[in-house]
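One-letter residues, chain by chain:
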Amino acid sequence: MKTSFCVKFAFDNLRKNHQIYFPFILSNAGIIGMMYIVASLSANESLLNSYHGNYILPFLEIGRYVIVLFSVIFLFYTNSFAIKRRRSELGLYNVLGLEKKHIIKIVFYENLICFLTSLFIGLVLGFIFEKIAFLTLTNLVGDDLPFGELFSFDAVTFTFIVFLFIYTLLFIYSALAIHKSKPLELLKEKSVGEKEPKAKWLAAVLGLVTLAAGYYIAQKVSNVPEAIMFFFPAVFLVIIGTYLLFVSGSIAFLKLLKNNKRFYYKTNHFITISNLFYRMKKNAVGLASICILSTMILVMVSSTTSLWFSINDTLKHLYPNEYSLSIHYGYDTSVFDKEMLATFDEYDIPLKDYYCVDYLDFVVRREGDTIIMDDDYYASDPLVIQALTLDNYNELLNTDYKLAEGEVLVYDNNVGFDSDKLVIADYSADVKEIKEGMIDQIPSTVNVVTAQLTVIADDEGFEKLFDVQKRAYGLNSSRIETYYGLDVDETEEGHYQEAFAKAIEDLSYEFKDLGIGYELRSKAYDDLIGFYSGFLFLGSFLGIVFMMAIVLIIYYKQISEGYEDADRFKIMHKVGLSDKEIHKTINSQILMVFFAPLLLAVIHLIAAYHLIDLVIVSLSSSGQAMFVYTFIISTIVFALIYCLIYFITSHTYYKIVTQRN
Amino acid sequence: MKILEVNDLKKVYTSRFSQNTTSALNGINFTIEEGEFVAIMGESGSGKTTLLNILSGIDTATSGKVLLDSHDISKIKEKELTEFRRDHLGFVFQEFNLLDTFSNRDNILLPLVLSQKSIEEMEKRLKKVAAELGITSLLHKYPFEISGGQRQRVAVARALINHPRIILADEPTGALDSKSSDELLNVFDLINKNNQTILMVTHSTKAASYASRVLFIKDGKIFHQIYKADDSNEKMFAKISDTLTMLTKGAD
């Protein structure tokens, strides 16, 4: 058969099936564009050479490979849908005299046209949106970078090769499917009636059990190592549970409703239930996938935004001051203080305020109410003990708190301490008062804000605590640190990084024995913002890609439902259902079918809240409050987009249904 | 007692883009008495389907009247029409029109569920009609699991279950083999003997020979009618054949 004829044939076929291929090409182009953008950004010189580039790059790389993997799955899904819908059409060609090799040749050209068109559109979209993506990314980290070489030939090649590979696989798959088929079967395919799906009770119960197990794990984790360890098992269980529930659970449930005659034989239940029965059988896998994708989007977007927004609080918690110095305890600080101020003056650092505090912290673990000190302190229920003297405390907070001998004041942060005696190994003290929280002026040494007790004791008690932990931990014991918190005016923060580094160099030279350590909050901010921005960018990027997949899955579902319903619609009309009634029942069915995944996704998310919250809290300190907001907002936004997609695609559905009448 | 009265029914189709008009019905007049089994015969394009559609309330006539139990069906409001059709008319189609998502039992019960009958009433009626049509053993099966003849009997059961005033059958034997056709016609005969009024549109001389009266339509008009009276089916068959021959010759 002539090539030109095949090409013409292929074009005609695509045009005839535009309801399938138009969205197919468009979504492919979208994914190609996205892939090009990440590939190109990860090769962007300007970004690579910037300070934050190092932090962002790994995320872009991850994004690139996730999209590759996702494209393979997604294209196979959509392609098999298209082939299935077109079976009888291809069968007809066979009957009319086209040999199978001719049909395969035509399909080859169809694939080629789809490939080239979507590659072209995708790359054009990629070029256009690359700038926006670049600006978004640099804005997130707060950099003002030049675009540099935005167009990347390597990225084009990469995208081209990946999609060439995927399309080759698709073609082989379609060719095999056509090769194996028999024309008569192809022609008849659609008219074969279907047996009522059997309720698989065991699978349904199993689905409930795995889902419950996943939820249970998510509720039960109590600390971060556990949360990280059990995250994937829990996710795995929930995914299995979701698929089982949609595939078997839904049918079992409908069967129950159907067996209840008084319920079933009611006008509005009758048609809905029996139609849902069939709809669920065909759509269960797709709906479960929508549910999983939706959950992923919501988790990614809400957690990454919450991290990003909480960055300043995180920093304030980890670094209470713009500059911080720590020196060994026991030195006469008045000499050091003087010299330090003089050096800063020398380098023109406009110091506004400073304070100095001696503190000690070490990790213990709890078993019930007893505090235990052994090497195994990460095993369960770890707890940080921070200690400072009463004098230091009063100075810091500018108060005049008083303690009797052997008394302590305790700050409780997520510990739930309520005893009137504090016992740590052979140290014991009477608790005068318990206050909530911790002392903000002292840096938190661990960023896991699970549990910390701050103990304010007199000098003697302070020494005693030091001794106790020194004996217990030996070489691993903590030293007392003298911490200097230094601040400049808020507007000047981040401006004196180099001067400060030089000043410290001078001081270190002068006070060799003090072991001066220092940290800059603005420097930490630069590191952290790079990391969090990369994270947020990846989260939203994949969110968009998954969203495109959801759109297409929903759209294809609506089309296939439309073609099937059109005939039923006609029959019901003849038998005595008014148009209005038909519209109403079909509408409510589709609503139920499409909003079930959304509902379950939100339930998943609520169940996962505790676990995700733990992980987020481990990465930031004030994430908790933030996460509630980002969680709620992203759920609402997602639900709105979802509804929008639903209404747009259901328009196509009604067009198909009414066309036939 | 008159059940159906058709008075000077006319239907003219105008195409949207041209001045041409086609008249499908050219003034049809006939009446059907309670308990009659009437067949309407005619060639393709003679206006049979248009007539049936108007009688069913699916289509509207350009002029003329259709009275069902002295109600003018063209005067029934759009909203009430569906309900009216459901309660007063029973339909049997060439292609059965059973829903593949329902079991046979549920297919038959559909009209009762729509008119919100009690479950006891449904069971009672179903039992009676299923026994009458000999389909009790098919009830739990699905339409695609049974033969064409059986499917059509299920469809008849669905038409009967609402106790319609009249059954409108559109080529009911059109998709059946001769054995199934015979069975179905015997079913029609049976329900007609139980005083069920039937109006059947058909191509088949055999099918028409079961009717008590046959109307012939040609060019949108009633051309002729013959009564069966006490004739046997065979005699009726011969009479119809003769009439058809005469009709065709007359056209030449």
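In every chain, residue numbers begin from 1 and rise along the written sequence. Chain letters start at A and ligand numbers start at 1, both assigned in the order the entries are written. In view of the model being predicted, local features appear only for residues whose pLDDT reaches at least 70, and side-chain atom pairs are presented and counted only at 80 or more, with totals across whole chains, interfaces and linings using the full set of residues. Excluded from the side-chain calculation are hydrogens and water; included are all heavy atoms of the structure.

(A) Representation of the overall build of chain A within the structure. A run of DSSP states H or I qualifies as a helix once it reaches four residues; a run of E qualifies as a strand once it reaches two. Both are numbered from the N-terminal end. When helices and strands are tallied, chain A shows 20 helices and ten strands. Only C-alpha atoms enter the radius of gyration; for comparison, a globular chain is expected to reach 2.2 Å times N to the power 0.38, where N is the number of residues. Relative to the compact-globule value of 26 Å for 661 residues, chain A shows a C-alpha radius of gyration of 33 Å, a clear excess of over 25%. In terms of overall dimensions, chain A has a C-alpha envelope of 100 × 65 × 40 Å along the principal axes. When each of the 661 residues of chain A is scored for burial, the buried share is 53%. Residue contacts follow a heavy-atom distance rule, with two residues in contact if any of their heavy atoms lie within 4.5 Å. Put simply, 83% of the contacts in chain A that link residues at least 6 apart link residues at least 24 apart. Computed by Shrake-Rupley with a 1.4 Å probe, the accessible areas treat only the displayed protein chains as cover when residues are assessed. Carbon and sulfur atoms make up 63% of the accessible area of chain A, which amounts to about 31,200 Å² in all. His is not counted, nor are the chain ends; Lys and Arg add positive charge and Asp and Glu add negative charge. To locate a charge, take atom NZ for lysine, CZ for arginine, CG for aspartate or CD for glutamate. Side chains of chain A give 54 positive and 72 negative charges; the mean places of these two sets differ by 29 Å. Think of it in three bands: residues with accessible area under 20% of the maximum for their type are buried, residues over 50% are exposed, and the middle band is partly exposed, with areas taken using a 1.4 Å probe on protein chains only.

(B) Spatial organisation of the interface of chain B and chain A. On the side of chain A, 26 residues touch chain B, which itself brings 26 residues to the contact. Counted as salt bridges are all cases of a side-chain nitrogen of Lys or Arg within 4 Å of a carboxyl oxygen of Asp or Glu. For the pair chain B and chain A, the interface holds three salt bridges. With a closest N to O distance of 2.6 Å, B:Glu120 and A:Arg262 form a salt bridge. Any pair of N or O atoms that falls within 3.5 Å is considered a polar contact. Within protein, one atom must be able to donate a hydrogen and the other to accept it, and sequence-neighbouring residues count only if both atoms are side-chain atoms. In this assembly, chain B and chain A are joined by six residue pairs in polar contact (both at pLDDT 80 or more). Those elements that place two or more of their residues in the side of chain B that touches chain A are helix 2 (78–88), helix 3 (104–114) and helix 4 (119–133) of chain B.

(C) The arrangement of the packing of helix 4 (residues 53–85) of chain A against helix 7 (residues 153–180) of chain A in detail. Residues and elements named next belong to chain A. Between the N-to-C directions of two axes lies an angle of 0 to 180 degrees, each axis being a line fitted to C-alpha atoms and, for a helix, fitted only over the stretch in contact. The contact between helix 4 and helix 7 brings their axes to 10 Å, and the two run at 30°. Taken together, the axes of helix 4 and helix 7 lie roughly parallel to each other. Helix 7 is crossed by helix 4, and the crossing has right-handed handedness. Contacts between helix 4 and helix 7 involve Arg64, Val68, Ser71, Val72, Leu75, Phe76, Asn79, Ser80 and Ile83 from the former and Phe158, Val162, Phe163, Ile166, Tyr167, Leu169, Leu170, Tyr173 and Ser174 from the latter. Three categories are distinguished: nonpolar for Ala, Val, Leu, Ile, Met, Phe, Trp, Tyr, Cys and Pro, charged for Asp, Glu, Lys and Arg, and polar for the others, with Gly belonging to the last. Here the residues of the contact of helix 4 with helix 7 are counted per class, giving 13 nonpolar, four polar and one charged. Comment on the angle field: the value is read as roughly parallel under 35 degrees, roughly antiparallel over 145, roughly perpendicular from 65 to 115, and oblique elsewhere. The hand of a helix crossing depends on one turn: near helix anticlockwise from the far one by less than a right angle means left-handed, and clockwise means right-handed.

(D) Seen up close, the domain arrangement of chain A. For chain A, the assigned domains are domain 1 (1–193) and domain 2 (321–520). Domain delimitation follows an automatic or database domain assignment. Taking the mean C-alpha position of each, domain 1 of chain A and domain 2 of chain A sit 58 Å from one another.

(E) Region of the structure containing the packing of helix 18 (residues 521–575) of chain A against helix 19 (residues 579–619) of chain A. Residue and element names in this part refer to chain A. With their axes 11 Å apart at the nearest point, helix 18 and helix 19 run at an angle of 160° to one another. It follows from the interaxial angle that helix 18 and helix 19 lie roughly antiparallel. Every pair of crossing elements has a handedness; the one defined by helix 18 and helix 19 is right-handed. Facing Tyr532, Ile554, Lys557, Gln558, Glu561, Asp565, Phe569, Met572 and His573 of helix 18, the residues of helix 19 in contact are Asp579, Ile582, His583, Ile586, Ile590, Phe594 and Leu619. Counted by class, the contact of helix 18 with helix 19 contains nine nonpolar, three polar and four charged residues.

(F) Quick look at helix 4 of chain B. Given a helix with a known number of residues, its expected span is that number minus one, times 1.5 Å. The terminal C-alpha atoms of helix 4 of chain B lie 21 Å apart, and with 15 residues this matches the ideal 21 Å at 1.5 Å per residue to within 8%. Regarding helix 4 of chain B, the residues found buried are B:Ile119, B:Met122, B:Arg125, B:Leu126, B:Val129, B:Ala130 and B:Leu133. End-on view of helix 4 of chain B: buried residues confined to an arc of 125°, all on one side of the axis. Of the exposed residues in helix 4 of chain B, those oriented more than 90 degrees away from the buried face are B:Lys124, B:Lys127, B:Lys128 and B:Ala131. Among the structural elements, helix 11 (261–264) of chain A together with helix 3, helix 5 (148–160) and helix 6 (178–193) of chain B are those in contact with the buried residues of helix 4 of chain B. Two residues or fewer after helix 4 of chain B comes B:Gly134, characterised by a positive phi angle close to 65°. Directions are taken from the helix axis to each C-beta atom, and the arc is the one they span.

(G) Fine view of the sheet that holds strand 4 (residues 63–68) of chain B. Residue and element names in this part refer to chain B. Overall, antiparallel pairing links the four strands, which are arranged 2-1-4-5 in an open sheet. Edge positions in the sheet fall to strand 2 (21–33) and strand 5 (71–72), since each of these pairs with one other strand and no more. Being paired, for any two strands, means DSSP has found at least two bridges between them. Sheet analysis places strand 1 (residues 2–14) next to strand 4, joined by five bridges and oriented antiparallel. By the bridge assignment for strand 4, Asn7 is matched with Lys65.

(H) Spatial organisation of the sheet that holds strand 10 (residues 221–227) of chain B. Residue and element names in this part refer to chain B. Taken in spatial order, the six strands make up an open sheet running 6-7-8-3-9-10, and their pairing is mixed. Two strands in the sheet have a free side with no partner beyond their single neighbour: strand 6 (89–92) and strand 10. Pairs of neighbouring strands in the sheet enclose a mean axial angle of 20°, with direction left out of account. Here strand 9 (residues 213–218) runs beside strand 10; their pairing, made up of six bridges, is antiparallel. Across the sheet, residue Ile217 finds its bridge partner in strand 10, namely Ile222.

(I) Just helix 17 (residues 497–510) of chain A, in detail. With 14 residues, helix 17 of chain A extends 20 Å from end C-alpha to end C-alpha; this agrees with the ideal 20 Å at 1.5 Å per step. Looking at the buried residues of helix 17 of chain A, the elements they touch are strand 1 (323–328), helix 14 (333–346) and strand 10 (517–520) of chain A.

(J) A look at the confidence of the model for chain A. One confidence number per residue, pLDDT, is output by the predictor and ranges from 0 to 100. In the predicted model, chain A carries a mean pLDDT of 84, and the fraction of residues at 70 or more is 94%. Per-element confidence in chain A is highest for helix 9 (residues 201–220) of chain A, whose mean pLDDT is 92, and lowest for helix 8 (residues 183–188) of chain A, whose mean pLDDT is 64.

(K) Quick peek at the pattern of salt bridges. All names here are of chain A. Taken as a whole and judged by the stated rule, the model has 27 salt bridges over all chains. Taking the shortest distance from any N to any O, the salt bridge between Lys421 and Asp430 comes out at 2.7 Å. Classification of Lys421 by relative accessible area gives partly exposed; the value is 41%. Residues joined in a network through salt bridges with shared partners are Lys8, Asp12 and Arg15.

(L) Representation of unusual backbone geometry within the structure. Its identity is not glycine, yet A:Asn398 carries a phi of approximately 60°, on the positive side. Relative to the helices and strands, A:Asn398 resides in the loop between helix 15 (390–397) and strand 5 (407–413). Unlike most non-glycine residues, B:Phe96 shows phi in positive territory, near 65°. Note that B:Phe96 resides in the loop between strand 6 and helix 3. Overall, the relative accessible area of 9% leaves B:Phe96 in the buried class.

(M) Representation of a negative patch on the surface within the structure. Residue and element names in this part refer to chain A. Candidate patch residues must exceed 30% relative accessible area and have no salt bridge, after which like charges are joined if within 9 Å and Val, Leu, Ile, Met, Phe, Trp or Tyr side chains if within 5 Å. A contiguous patch of negative charge, built from Asp391, Glu395, Glu405, Asp459, Glu460, Glu463 and Asp467, is present on the exposed surface. Those elements giving two or more residues to the negative patch turn out to be helix 15 and helix 16 (459–473). Among the elements that take part in the negative patch, helix 16 stands out by supplying four residues, more than any other. Note on placement: Glu463 falls in helix 16. For Glu463, a relative accessible area of 37% translates into the label partly exposed.

(N) Examining the confidence of the model for chain B more closely. Residues and elements named next belong to chain B. Scored by pLDDT, chain B comes out at a mean of 87, with 98% of its residues at no less than 70. The lowest-confidence element of chain B is helix 2, averaging 81 in pLDDT; the highest-confidence one is strand 8 (residues 197–202), averaging 93. Across the whole predicted complex the pTM is 0.78, and at the interface the ipTM reaches 0.79.

(O) Spotlight on the environment of A:Ser118. Residue and element names in this part refer to chain A. Inspection of the secondary structure puts Ser118 in helix 6 (residues 100–141). Judged by its relative accessible area of 0%, Ser118 is buried. Between the C-alpha atom of Ser118 and that of Phe163, which follows or precedes it by 45 residues, the distance is 9.9 Å. Look past the residues within four positions of Ser118 in its chain and what remains in contact with it is Ile25, Asn28, Ala29, Ile32 and Tyr167. Polar side-chain contacts of Ser118 include one of 2.5 Å to the backbone oxygen of Cys114.

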